[in-house]
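Residue strings, one per chain:
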Amino acid sequence: EDQVTQSPEALRLQEGESSSLNCSYTVSGLRGLFWYRQDPGKGPEFLFTLYSAGEEKEKERLKATLTKKESFLHITAPKPEDSATYLCAVQAWGGADGLTFGKGTHLIIQP
Amino acid sequence: DAGITQSPRHKVTETGTPVTLRCHQTENHRYMYWYRQDPGHGLRLIHYSYGVKDTDKGEVSDGYSVSRSKTEDFLLTLESATSSQTSVYFCAISEARKQGANYGYTFGSGTRLTVV
């Protein structure tokens, strides 16, 4: 059974204080690892897809990295508008289609 | 939201009644999915479709059925609603897989369903 564990559950940072969110996963064969951002009352918004260990992708203040067991979402010099819940998900080869999600990290950036 | 619309946005229904939620897309994507999101559980896959009239079960399919008679519409039916089905339901779409490309599933805005 595919599993995704995100930590911490919640994180409060000061504006400009860089940090990282962790996503640990177990999957029979990784097809892709996805990062999403979700604002209250809205659907998840796609950020990145990573496919193989060593891969990195960047978007503005966010950078996602991938190893064989975990992924990190690095947030550099965050702003209050980066406050959201960040979701990690995996897609496996074979079996049912669709993504297996973690429970998310609730990030608050204080001015 | 990239041409994906869910309806209704909110619904309150009574236990034992049938309920149908609709997902409509204008992207002509092949794959469509229904998820539910509950506190402490994250998003869980209910059913998905890989083409017209082609559907399959996900992790939490008991008590739900789906239909896809047209590419653009994917319906989720709660055959006899129960309080445990109170949740936020999200539809998602995906085009054919592009390994190596930065593609992802696109989610709708959700339907908040309350069963009383």
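Conventions adopted
Residues numbered from 1 in each chain as written. Chains lettered and ligands numbered in written order. Predicted model: local features only at pLDDT ≥ 70, side-chain atom pairs only at ≥ 80, totals over all residues. Heavy atoms only, no water. Contact = heavy atoms within 4.5 Å. Buried area = accessible area lost by both parts, 1.4 Å probe. Salt bridge = Lys/Arg side-chain N within 4 Å of Asp/Glu carboxyl O. Polar contact = N/O pair within 3.5 Å; in protein donor to acceptor, adjacent residues only side chain to side chain. Helix = DSSP H or I, 4+ residues; strand = E, 2+ residues; numbered from the N terminus. Nonpolar A, V, L, I, M, F, W, Y, C, P; charged D, E, K, R; others polar. Buried < 20%, exposed > 50% of the residue type's maximum accessible area, 1.4 Å probe, protein only. Pairing = 2+ DSSP bridges. Axes fitted to C-alpha atoms, helices over the stretch in contact; angles between N-to-C directions.

Looking now at the interface of chain B and chain A. In this assembly, 25 residues from chain B lie in contact with 24 residues from chain A. Note on chain B versus chain A: buried area summed over both sides is about 1900 Å², and carbon and sulfur give 48% of it. Where chain B meets chain A, there are zero salt bridges. Our count for the contact surface shared by chain B and chain A stands at five residue pairs in polar contact (both at pLDDT 80 or more). Secondary-structure elements contributing two or more residues to the side of chain B that touches chain A are strand S4 (31-38) and strand S5 (42-51) of chain B. Its residues placed into classes, the side of chain B that touches chain A shows 11 nonpolar, 10 polar and four charged.

What follows is about the pattern of salt bridges. Across all of its chains, the model carries eight salt bridges over all chains by this definition. Here glutamate 55 of chain A and lysine 57 of chain A are joined by a salt bridge, their closest N and O atoms 3.6 Å apart. Glutamate 55 of chain A gets classed as buried once you look at its relative accessible area, which sits at 19%. Measuring nitrogen to oxygen at the nearest pair gives 3.0 Å for the salt bridge that ties arginine 44 of chain B to aspartate 38 of chain B.

Residue and element names in this part refer to chain A. Looking at the secondary structure, you find tryptophan 35 in strand S4 (residues 30-38). Through-space distance from the C-alpha of tryptophan 35 to that of cysteine 88 is 4.7 Å; in sequence the pair is 53 residues apart. A polar atom in the side chain of tryptophan 35 sits 2.9 Å from the side chain of serine 71.

The next subject is the side chain of histidine 29 of chain B. Residue and element names in this part refer to chain B. Relative to the elements of secondary structure, histidine 29 occurs in the loop between strand S3 (19-25) and S4. Note on histidine 29: relative accessible area 14%, which makes it buried. Apart from the residues within four sequence positions on either side, histidine 29 is in contact with Arg68, Thr71, Ile93, Ser94 and Glu95.

On to unusual backbone geometry. The residue after serine 7 of chain A, namely proline 8 of chain A, is reached through a cis peptide bond having omega -10 degrees. Serine 7 of chain B connects to proline 8 of chain B through a cis peptide bond whose omega is -10 degrees. Relative to the assigned elements, proline 8 of chain B resides in the loop between strand S1 (4-7) and strand S2 (10-13). Phi angles above zero are rare outside glycine, and alanine 77 of chain A is one such case at about 45 degrees. Mapped onto the secondary structure, alanine 77 of chain A falls in the loop between strand S8 (70-75) and strand S9 (84-92).

Let us now look at the sheet that holds strand S8 (residues 73-78) of chain B. Residue and element names in this part refer to chain B. Spatially, the four strands line up as an open sheet ordered S1-S3-S8-S7, and their pairing is antiparallel. Two strands close off the open sheet at either side, each with one partner strand: S1 and strand S7 (64-70). On average, adjacent strands in this sheet sit at an angle of 20 degrees to one another, irrespective of strand direction. Of the strand pairs in this sheet, S3 and S8 are connected by six bridges, and their pairing is antiparallel.

Let us now look at the pairing of S1 of chain B. Taken residue by residue, a regular strand's side chains alternate between the two faces of the sheet. All names here are of chain B. Residues Ile4 and Gln6 line the buried face of S1, whereas the alternating positions Thr5 and Ser7 sit on a face that is not buried. With four bridges connecting them, S1 and S3 associate as antiparallel partners. Across the sheet, threonine 5 pairs through a bridge with histidine 24, a residue of S3.

Take it as geometry only, folks, not as evidence of what the structure does.
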